Each structure stands twice: as structure tokens, then as C-alpha cells.
There are 2 protein chains.
Amino acid sequence: MPKKKEVHPERTRIGDRIARWTIPREDILDLLIRTQQHLTAKEIYAALNPLNPDMGLTTIYRTLELLDTSGLIRKIYTGDGQARFEYKRADHADHHHHLICSVCGKILNYRDFEKEELDLVRKTEEILARKHGFLIRDHNIEFLGLCGDCRSGGKRSTIPGR
Amino acid sequence: MPKKKEVHPERTRIGDRIARWTIPREDILDLLIRTQQHLTAKEIYAALNPLNPDMGLTTIYRTLELLDTSGLIRKIYTGDGQARFEYKRADHADHHHHLICSVCGKILNYRDFEKEELDLVRKTEEILARKHGFLIRDHNIEFLGLCGDCRSGGKRSTIPGR
DNA sequence: CCTTGTAATGATATCCATTATCATTATAAA
DNA sequence: TTTATAATGATAATGGATATCATTACAAGG
Ligand SMILES: [Mn+2]
Ligand SMILES: [Mn+2]
Ligand SMILES: [Zn+2]
Ligand SMILES: [Zn+2]
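Residues numbered from 1 in each chain as written. Chains lettered and ligands numbered in written order. Predicted model: local features only at pLDDT ≥ 70, side-chain atom pairs only at ≥ 80, totals over all residues. Heavy atoms only, no water.

A. Quick look at the overall build of chain A. Looking only at helices and strands, chain A has five helices and five strands in total. In chain A, the succession of α and β elements from N to C terminus is α-α-α-β-β-β-β-α-β-α. Taken over the C-alpha atoms alone, chain A extends approximately 60 × 45 × 25 Å along its principal axes. Within chain A, the proportion of its 162 residues that are buried is 43%. (Helix = DSSP H or I, 4+ residues; strand = E, 2+ residues; numbered from the N terminus. Buried < 20%, exposed > 50% of the residue type's maximum accessible area, 1.4 Å probe, protein only.)

Here you go:
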């Protein structure tokens, strides 16, 4: 008996932007939803290759572009020369900020201080709109520093240039 | 009478990292100090070429790397595929955040809410240090949205991909 | 000033992430 | 099952940034 075709419920968020829901799209979205990491296109390729060796890197790039444009994922630039991606819920309930180690490149999500941050962000958005005529749509906040491992002079990065 | 060689006072911030203070270094640093914009290597090249046609793009990249490592400038990634640079005072008195138009790519500096922001950032840093063992060194905050021009459907970007 | 060792430069080649092209494949509707 | 074509994947091309290396010019000492 052939396995029933799986269609992830999040597929609906893409709407009319696409005509067909394919294996690569299912697999890439699924991986991003399940992982806690911030993956690059190559990392996604490496992760899915054992499962589906026919999937090309080009499709990964294209699918990531699609998911990003559709708002299902967020594209992150940490400055190491490659974009990273993470899943983003439709209701923004998983909104968070980043803590980046400048030595090993590790990225931590954090969502403490929701209240104060929200207040500040909202207030700032108002002022910026009034003073500069901007319509604020989103924000990025990131803290840069040294993670525990790198503070204790321990581990070295495997990321070139860190 | 030969013109006295100019050496920018900020040169001292680089310290022993270099042995010679050269024309390109003087010109690039000077340009970044004087401009209000966030320039790419190519933009710097274009700006300085009329003044000094012998300066190569490679030197621009190398000098920017030097200035960044020395803490005189800040490297910014806005996601359009090229790094941008801005001058950074030693006393951090010019610390600010960014307002980025997602349509035309315009970048605005803003420094409102110094007090509230400072409080929040300090508080956040403490918690992050305690909970995640991070030593915070810096932070980036950016707001994304539509600038006045792009809200009114006016100007289009000259930046490819926006 | 002049000389000189070498840091810095710039032309060029190379790297590498991302995008463009295009023939082939496979989805989904009929 | 058929079929129109969206989507894929191999490949080439693009473009920002870096590596190489012969040449230049800074600055210290004479
Ligand atoms: Mn995250
Ligand atoms: Mn700025
Ligand atoms: Zn680390
Ligand atoms: Zn704009």
C-alpha cells in the first residue's frame, strides 16, 4: 500500500503563491519546524540528503526564498557570509531575539523581558513613525558577546573566520 | 613648499596594529568620519576615485577590515549582499540604532529613548549573563519598515533586489 | 636630504554563496 | 490515464570578498 501523501498544515500559509506542494517543500519546512537551530542552505542540504539524495541545493535556495517571502521562515544574517533560516509561527508567539557568540558563532534564542521589551519597542515605533515618517513592520534585536564555552577559553569554532 | 603630511588624530586608536599611516588609510577613515551614510566598499571606492585614482578596491577592503578590527568603524549587514560601514567614536557617544526601509534600503540612524533603552539593555544583559552564561559585549537593534517615500508609493529603489 | 628594509599597495586570480538558465521530471487537475 | 506546466536539478554565471605576489612608497637611520 502506497504511503498517503503528507501535506503539512502550514502549507496553507503559502496560499496561491505556488501551485504544487512537493516533497522538497514538505521536507525543508518540516526540518525547519523541528530543529531548534538556525540553519544555512548547505546545512539543510546535508541534513536532508540521506533522506532524499535527489534533492539539489538549488531547490533548497528556491524553497527558502519562497518560505521567507511567504512569512513562514525568517532569514538571518550573522555576518559569516551565509544566510541562516528559522521557522516563524503565524501568530508570532515564538517571537524572540538572539544572543550571538562572536567567537564560535553559536546562536541562542531568548525571550525574557517580553513585557518591558514590548513596551519599549511599541513606544519607539510610535516616535519613529512620528519623527521620521516610518511605518514600522518588524524589528531585530541581537546581543553579541562570548558564550560560556568561549569565556573559559574552551572550545574553538569550526566556522571559518571566527 | 611641500604640503605637511596630514595624520588624523584617530590614527592612534589603531596603535601598534600597523606600522605605517598611508594616504588610503587617511582618506578612507576621513571619508567615513565625514559622511552620514552607511557606505559599501564600492561606494567608498567611487567616492575616493576622483581624489585618488590609483587607489584599488582591494586596499579599501583591507583598510575597512583593519578599521573594523581596531574598533574605529562598525560593519553592518542589511541583507542586500554587501557589507556597509560607519564610523564609531571611541567613547561610544555616537551609539545609535537603525531604521531600515525594506523597500528602498534607506538606513536612518536614531538615538531617541537613550535612557529607557539603556535600562532595558543593561537589565537584559544581566539576565542573559546569569541564565545563559554569556558575557555581553555589544548589541544591535534595528527596526524594519517603510520610509515616508515608499509609503506614499513614490520613489523606487536603485538597489537590486529591493 | 639619501638610502634602505619592508609594510602596504594594487593587478590579478581565486573563492564561495547565491542566482540564472534550461532541459527534464513529476504534480495535480481533468 | 492523460496532459499542461510548475517545479526540479545539473550546470553555468554572477558578484562580493579574499589570496597571491610583484611593485611601490613609508619612515627610520644615516
Ligand atoms: Mn532564533
Ligand atoms: Mn548608523
Ligand atoms: Zn562561543
Ligand atoms: Zn524607502
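B. Examining the interface of chain B and chain A more closely. In this assembly, 37 residues from chain B lie in contact with 37 residues from chain A. At the boundary of chain B with chain A, total buried surface from both sides reaches about 3,600 Å², with 67% on carbon and sulfur atoms. Three residues, F113(B), F134(B) and F143(B), lead the burial of chain B against chain A; their summed loss comes to 18% of the area buried on that side. Between the two partners, chain B and chain A, sit four salt bridges. Note that D112(A) and K131(B) form a salt bridge whose closest N and O atoms lie 3.1 Å from each other. At the boundary of chain B and chain A, one finds 20 residue pairs in polar contact (both at pLDDT 80 or more). Within the residue set of the side of chain B that touches chain A, elements represented by two or more residues are β3 (97-101), β4 (107-110), α4 (114-132), β5 (135-146) and α5 (148-151) of chain B. It is β5(B) that provides the largest number of residues to the side of chain B that touches chain A, a total of twelve residues. Here the side of chain B that touches chain A is composed, by residue class, of 19 nonpolar, eight polar and ten charged. (Contact = heavy atoms within 4.5 Å. Buried area = accessible area lost by both parts, 1.4 Å probe. Salt bridge = Lys/Arg side-chain N within 4 Å of Asp/Glu carboxyl O. Polar contact = N/O pair within 3.5 Å; in protein donor to acceptor, adjacent residues only side chain to side chain. Nonpolar A, V, L, I, M, F, W, Y, C, P; charged D, E, K, R; others polar.)

C. Inspection of the confidence of the model for chain A at higher detail. With 91% of its residues at a pLDDT of at least 70, chain A reaches an overall mean of 89. Between residues 157-162 of chain A, whose pLDDT stays under 50, and residues either more than four places distant or in other chains, the model counts 14 contacts. (pLDDT = per-residue confidence, 0-100.)

D. Structural context of the coordination of the zinc ion (ligand 3). Residues and elements named next belong to chain A. Donor atoms from the polypeptide that coordinate the zinc ion (ligand 3) comprise C101 (SG), C104 (SG), C147 (SG) and C150 (SG), at 2.2 to 2.4 Å from the metal. Because the angles between the four donor atoms bound to the zinc ion (ligand 3) fall within 102 to 115 degrees, the donor set is best described as tetrahedral. Written as a sequence motif, the donor arrangement for the zinc ion (ligand 3) is C-x2-C-x42-C-x2-C. With C104 in the loop between β3 (97-101) and β4 (107-110) and C147 in the loop between β5 (135-146) and α5 (148-151), this residue pair connects regions lying 43 residues apart in the sequence. For the pair shown, C104 and C147 are each scored as buried. (Donors = N, O, S within 2.8 Å, 3.2 Å for Na, K, Ca; no water. Tetrahedral: all angles 85-135°; square planar, octahedral: opposite > 155°, others 65-115°.)

E. Main features of empty space enclosed by the protein. Scanning all chains against the criterion turns up three cavities of 30 Å³ or more. Empty space within the largest cavity amounts to approximately 60 Å³. Forming the boundary of the largest cavity are E117(A), L120(A), V121(A), T124(A), I141(A), Y110(B), E117(B), L120(B), I141(B) and F143(B). Residue assignment for the lining of the largest cavity shows that the elements contributing at least two residues are α4 (114-132) of chain A together with α4 and β5 of chain B. In terms of residue count, α4(A) provides more of the lining of the largest cavity than any other element does, four residues in total. Within the lining of the largest cavity, the residues separate by chemical class into seven nonpolar, one polar and two charged. (1 Å grid on protein atoms, 1.4 Å probe; cavity = no way out; pocket = protein on both sides within 12 Å on 5 of 7 lines; lining within 4 Å. Points joined across faces, edges and corners; volume = space filled by probe spheres on them.)

F. Here's a closer look at the coordination of the zinc ion (ligand 4). All names here are of chain B. On the protein side, the zinc ion (ligand 4) has C101 (SG), C104 (SG), C147 (SG) and C150 (SG) as donor atoms, found 2.2 to 2.4 Å from it. Taken together, the four donor atoms coordinating the zinc ion (ligand 4) span angles of 102 to 116 degrees at the metal, a pattern that classifies the geometry as tetrahedral. By relative accessible area, which is 15% here, C104 ends up buried. For C147, a relative accessible area of 1% translates into the label buried.

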